[in-house]
Amino acid sequence: MRYIIVTGGVLSGLGKGVTTASIAKILQSMGYKVTVIKIDPYLNVDAGTMSPFEHGEVFVLDDGGEVDLDLGNYERFLNVDLTRDHNITTGKIYKKVIEKERRGDYLGKTVQPIPHLTDEIKSEIRKVAEKYDFTVIEIGGTVGDIESMPFLEACRQLSWEEDVVFIHVTLVPSLDVVGEQKTKPTQHSVKKLMETGISPHIIVCRSKKELLEKTKRKIAQFCNVSEDHVISNHDVDDIYKVPLLLNEQRIGEKIIDKFGLRRKPNLEKWRSIISRKCDKDVTLALVGKYIDLHDSYISIREALMHCSYYTGVNVKIRWLESERMKKEDLEGVDGILVPGGFGIRGTEEKISAINYAREKKIPFLGICLGFQLATIEYARSIGLKNANSTEFVDTDEPVIDLLPEQKKIKNMGGTMRLGAYKIILDNQSTVYNLYGSKEIYERHRHRYEVNPQYIDILTRDGLKFTGRSEDGRMEVLELEDHPFFLGTQYHPEFTSRVERPSPVFMGLVKAMARYSNP
Ligand code: GLN
């Protein structure tokens, strides 16, 4: 088994996830079977209980795993479906070790970080890696953090047992005063990494401008790598260009050379998709609660980007925090999107945005909570004045109510209706035309649903539920007599890829283009 282990230095938020995904993409383009694992050194068992305000979006996989948003990047770059095993956290490892200890599996031994934690980490990694030619492992956090120590130690051990290449991603800042690229932070972070017994084979430097030859020379000298193993990963205007940028510096060939292999990458298809120039701008209002951190909606932003590559329509997002939103903020937009969310805060403002989209016939997409709020808005418009969700208030018109199986659940972690479920679409519907298929699989993350008792009243005039789960739950809503009004109980953004854009988002973007230029 072959491993590429990516560590990060200096500070977090460097774009290590995109770098990791790009390296994996290059290897995949050589014809290898490649996968990615993300290690998150926090104590949460998974990302499901974490606030989007702190960590950005919680990404959901087919198998219902609630994982770090970097797994979204890996899926979007590689066009593969990952599983929950591809996200390892400290919490997950400790939980396993403690369960084993309680069962008596350690036969009286003292249970210790080394070897018991490190063995468990290696075994989780191997479980995934055995099916692939290459496994790229991204270690979250920054070298030097106490919490990542057991993982670095496990990876150091792994390098004695398997074929491993270490890549360290660092920051090379330039000081405005002198305009010089400074290498000291990189030197320090490589030293910190070396204290753990790991020497990087390749150093990838994040910088504003392309790394100068003299900067590379200095880093090579101080950090014990050859000059051509210092790679410039300077800012580009589109993250999907990063594989091309790294490939120009032959990073893929340099990596496989360490394993004694020779092959050429081929990113031509990728290049041709992402080079499409846009010839039209549209504006989409995104009305959400977690707007202050744009990463909370990263999959939506990326799904829109994927559609731009196929339509030539550039979608400018108008980020609107629901509670602070004013009516006039919606003026002049070509579309309105209400994304997923939890809790009552801002829901009335979102409902008024939906009302605006419905009455003014502006293209609209509601996702999960957005779908539920669109149902509530419609119910109120046909006279159910107290229509609401029991998630927010006690009401005598509970058009959105808890899923029956959720009623007995006490724990928060991993207990929603999660992951991919089959959805059956009506032949004569917008959504069917978008997918071109009667049966689809899409990912879910919710506890509430359209209350079956209200379906007859709601569908009497105009509102149509055009997609249902196998057990009869409402999954898609549409409006007749509107250019594009679609709600999905599922999250179409989680399955959108560069090489396979989401049909729902394609529908929205095309409708916005028609709306803005009829
Ligand atoms: N809060 C709603 C529910 O639990 C919607 C969830 C979501 O938007 N992901 O059903």
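Please refer to the structure higher up on the page.
The present account deals with the structure reproduced in this document. If you're wondering where the values come from, they're calculated on a predicted model, not measured in any experiment.

1. Things to note about the overall build of the chain
1) Next: Helices and strands together make up the secondary structure of the chain, namely 17 helices and 23 strands.
2) Next: By the compact-globule yardstick of 24 Å for 518 residues, the chain fits well, its C-alpha radius of gyration being 25 Å.
3) Next: Taking the principal axes of the C-alpha coordinates as reference, the chain spans close to 75 × 60 × 45 Å.
4) Next: Classification of the 518 residues of the chain by burial places 58% in the buried group.
5) Next: Taking the contacts inside the chain whose residues are at least 6 apart along the sequence as the reference set, 72% of them involve residues at least 24 apart.
6) Next: Split by element, the accessible area of the chain, about 21900 Å² in all, is 49% carbon and sulfur.
7) Next: With 73 positive and 76 negative side-chain charges, the chain shows a spacing of 4 Å between the two charge centroids.

2. So, the sheet that holds strand E20 (residues 448–450)
1) Next: Across the sheet, which stays open at both edges, the three strands sit in the order E16-E17-E20 with mixed pairing between neighbours. Single-partner strands in this sheet number two, and they are strand E16 (387–389) and E20. Taking the axes of each pair of neighbouring strands and ignoring which way they run, one obtains an average angle of 30° across the sheet.
2) Next: As judged from the three bridges shared by E16 and strand E17 (residues 397–402), these two strands associate in the parallel manner. Note on E17: the bridge partner recorded for Ala-387 is Glu-397.

3. A short note on helix H3 (residues 70–78)
1) Next: H3 sits mainly inside the fold: nine of its nine residues count as buried.
2) Next: Within the sequence span of H3, burial applies to Asp-70, Leu-71, Gly-72, Asn-73, Tyr-74, Glu-75, Arg-76, Phe-77 and Leu-78.
3) Next: Directly after H3, the chain includes Asn-79, whose backbone phi takes a positive value near 55°.

4. Side note on the state of the cysteines
1) Next: Under the defined criterion, the tally for this structure stands at zero disulfides.
2) Next: Cys-307 provides the cysteine sulfur closest to Cys-278, a residue in no disulfide bond, and the two sulfurs are 11 Å apart.
3) Next: Overall, Cys-278 belongs to the partly exposed group, its relative accessible area being 39%.
4) Next: According to the relative accessible area criterion, Cys-307 is buried, its value standing at 0%.

5. Describing the nonpolar core
1) Next: One finds Ile-4, Leu-27, Ile-167 and Ile-251 to be the most contacted residues of the largest nonpolar core, which totals 45 residues.
2) Next: At six residues, the largest contribution of residues to this core is made by helix H1 (residues 16–28).
3) Next: Excluding residues that lie within four positions of it along the chain, Leu-27 makes contacts with Ile-4, Tyr-32, Val-34, Phe-134, Val-136, Gly-252 and Ile-256.

6. Points about a positive patch on the surface
1) Next: A cluster of basic residues, Lys-184, Lys-191, Lys-214 and Lys-218, forms a positive patch on the protein surface.
2) Next: Locating Lys-184 in the fold gives a position in helix H7 (residues 184–195).

7. Topic: the environment of Arg-301
1) Next: Mapping Arg-301 onto the fold places it in helix H12 (residues 298–311).
2) Next: Residue Arg-301 is classed as partly exposed on the basis of its relative accessible area, which comes to 28%.
3) Next: When near neighbours in sequence (up to four residues on either side) are disregarded, Arg-301 contacts His-294, Asp-295, Ile-317 and Trp-319.

Parameters and conventions
Residues numbered from 1 in each chain as written. Predicted model: local features only at pLDDT ≥ 70, side-chain atom pairs only at ≥ 80, totals over all residues. Heavy atoms only, no water. Helix = DSSP H or I, 4+ residues; strand = E, 2+ residues; numbered from the N terminus. Rg over C-alpha atoms; globule rule 2.2 N^0.38 Å. Buried < 20%, exposed > 50% of the residue type's maximum accessible area, 1.4 Å probe, protein only. Contact = heavy atoms within 4.5 Å. Areas by Shrake-Rupley, 256 points an atom, 1.4 Å probe, with all protein chains shown as cover. Lys, Arg positive; Asp, Glu negative; His and termini not counted. Charge placed at Lys NZ, Arg CZ, Asp CG, Glu CD. Pairing = 2+ DSSP bridges. Axes fitted to C-alpha atoms, helices over the stretch in contact; angles between N-to-C directions. Disulfide = S-S within 2.5 Å. Core = buried A, V, L, I, M, F, W, Y, C linked by side-chain atoms within 4.5 Å. Patch = residues over 30% accessible without salt bridge, like charges linked within 9 Å, V, L, I, M, F, W, Y side chains within 5 Å. Salt bridge = Lys/Arg side-chain N within 4 Å of Asp/Glu carboxyl O.

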